[in-house]
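Each chain, letter by letter, is given below.
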Amino acid sequence: MSPACTNETALTVVSSEANAIADRRFLDQLRELKNLKQFLFEQKVKFEPDQLNSIDLGSLNNLYFSSAGRLPDTAEWKLLDEKLSALASYLSDELRQKIRIRELGLFFGTVPLTFLLLALATILYRFLYGAFFEKGTLLFNASFLLSLILWTVSQGGLGACAFLGTRIATRRFDKVPLESAIDVADITDESILKIRIILGCLFGSIIGLPIAAMALDKMANAIYGDSSSLAPADFALMILPFLVGFSTNLVLAILERCIESIRTFFGMSTK
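Keep in mind that what you see is a predicted model, and the values were worked out from it rather than measured.

Chemist: What is the right way to look at the overall build of the protein in this model?
Modeler: Secondary structure summary: the protein contains twelve helices and two strands in total. Taken from N to C terminus, the helices and strands of the protein fall in the order α-β-α-α-β-α-α-α-α-α-α-α-α-α. Counting across all 271 residues of the protein, residues that qualify as buried make up 32%. Long-range pairs, those at least 24 residues apart, make up 77% of the contacts in the protein between residues at least 6 apart in sequence.

Written out as structure tokens, the structure is:
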């Protein structure tokens, strides 16, 4: 190998080592910056020729993580903040909602699919475990109770996910009043999403568990027996855990009726 090739290889190695960064926090923000830039290009955001320098990441494109690397210097932190501020200025309210939905894809894809598969698996197990366990045994009773709990929890969670998904899918920022737009914006808050799904599972299990056995029996009769005998009230019974997970207003109405009944039973004033 010639001396020129050796020197060129040595320079490449030194340059590569200089681009190695050991600060994960810096690289996490850099990854978000690159994702933001890619998102803007995917959305076909129009950039003027004189704006290209402001969105060019420059030397930041060459940085990568290495535990043996160096710490980013002050100039690199400043450049990162400048580029993030420049790219964020191109985001409209609608684009901000879109990118937040993409970042929270777990709640709009994986979690609903998990609840759906759990609900289907529970129904399948409910209709089959009687063939493997003798009625009255511990395994039969445990399977009976487990199927009721999992079915109501999964239905409540699926209802909550359906509510969140429909609110996102039907949003219209230019055609809804301000309070509705704010409500849609809150749905892209990760904390609110977690609370809403947990409440859906909780309401679905608390309100649906007492009627779960009856609802699943009616479902079995409709599948294996005469489906024409299924009344509208029976159908409402089968989807009740899903409905209470979907609508908090329905839950509040049910709880209000229960409280009024308790007040009447004890002779307390409804006032």
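Chemist: Could you clarify how one ought to interpret helix α4 (residues 74-88) in this entry?
Modeler: Turn by turn, an α-helix covers 3.6 residues, leaving residues three or four places apart pointing in a common direction. In a regular helix each residue adds 1.5 Å, so 15 residues correspond to 21 Å; α4 covers 21 Å between its end C-alpha atoms and thus fits that length. What α4 keeps buried is the set E76, W77, L80, K83, A86 and L87. One side-chain oxygen at the N-terminal end of α4 lies 3.2 Å from the backbone nitrogen of A75; it belongs to D73.

Chemist: Just checking my understanding: could you explain the packing of aromatic side chains for this structure?
Modeler: Any pair of aromatic rings gets described here by the distance separating the centres and the angle formed by the planes. Tallied over the entire structure, the rule returns seven aromatic pairs. On the numbers, 5.5 Å between centres and 35 degrees between planes, the contact of Y125 with Y129 is tilted. Clustering of aromatic rings is evident, with ring pairs tying together F41, F47 and Y90. The residue whose ring lies beneath R24 is F65, and the NZ or CZ to ring-centre distance is 3.9 Å. The ring of F163 is capped by R196, whose NZ or CZ atom sits 4.6 Å from the centre of that ring.

Chemist: I would appreciate a short explanation of the nonpolar core in the present structure.
Modeler: Nonpolar side chains tend toward joint burial in soluble globular proteins. The biggest cluster of nonpolar side chains holds 21 residues, and the ones touching the most others in it are F26, L30, L33, L40, L60, L63 and L80. Within the residue set of this core, elements represented by two or more residues are α2 (24-42), α4 and α5 (93-103). Broken down by element, the residue count for this core peaks at seven residues, all from α2. Setting aside its immediate chain neighbours within four residues, L30 contacts L60, L63 and L80. Core analysis: the second largest hydrophobic core is formed by 16 residues, F203, I207, M219 and L237 among them.

Chemist: Before we go on, may I ask you to explain the layout of surface pockets in this structure?
Modeler: One way to see where empty space is left: roll a probe the size of a water molecule over the atoms. One number sums up the size of the largest pocket: a volume of about 290 Å³. Around the largest pocket sit 13 residues that line it, and E32, N35, L36, I99 and E103 are the ones nearest its centre. Those elements that place two or more of their residues in the lining of the largest pocket are α2, α4 and α5. Considering every element that reaches the lining of the largest pocket, the biggest residue donor is α2, with seven residues. When its residues are assigned to classes, the lining of the largest pocket shows seven nonpolar, three polar and three charged.

Chemist: Would you take a moment to explain the pattern of salt bridges for this structure?
Modeler: A side chain of one charge can pair with a side chain of the opposite charge if their charged atoms are brought near each other. As enumerated under the stated definition, the model contains seven salt bridges in all. A salt bridge links E42 to R102, with the nearest nitrogen and oxygen atoms 2.8 Å apart. Of this pair, E42 sits in helix α2 while R102 sits in helix α5, and the two are 60 residues apart along the sequence. The salt bridge partner of R70 is E76, with a shortest N-O separation of 2.7 Å. We classify R70 as partly exposed; its relative accessible area is 28%.

What counts and how
- Residues numbered from 1 in each chain as written.
- Predicted model: local features only at pLDDT ≥ 70, side-chain atom pairs only at ≥ 80, totals over all residues.
- Heavy atoms only, no water.
- Helix = DSSP H or I, 4+ residues; strand = E, 2+ residues; numbered from the N terminus.
- Buried < 20%, exposed > 50% of the residue type's maximum accessible area, 1.4 Å probe, protein only.
- Contact = heavy atoms within 4.5 Å.
- Expected span 1.5 Å × (residues − 1).
- Polar contact = N/O pair within 3.5 Å; in protein donor to acceptor, adjacent residues only side chain to side chain.
- Phe/Tyr/Trp six-rings, centres within 6.5 Å; stacked < 30°, edge-to-face > 60°.
- Lys NZ or Arg CZ within 6 Å of the ring centre and 35° of its normal.
- Core = buried A, V, L, I, M, F, W, Y, C linked by side-chain atoms within 4.5 Å.
- 1 Å grid on protein atoms, 1.4 Å probe; cavity = no way out; pocket = protein on both sides within 12 Å on 5 of 7 lines; lining within 4 Å.
- Points joined across faces, edges and corners; volume = space filled by probe spheres on them.
- Nonpolar A, V, L, I, M, F, W, Y, C, P; charged D, E, K, R; others polar.
- Salt bridge = Lys/Arg side-chain N within 4 Å of Asp/Glu carboxyl O.

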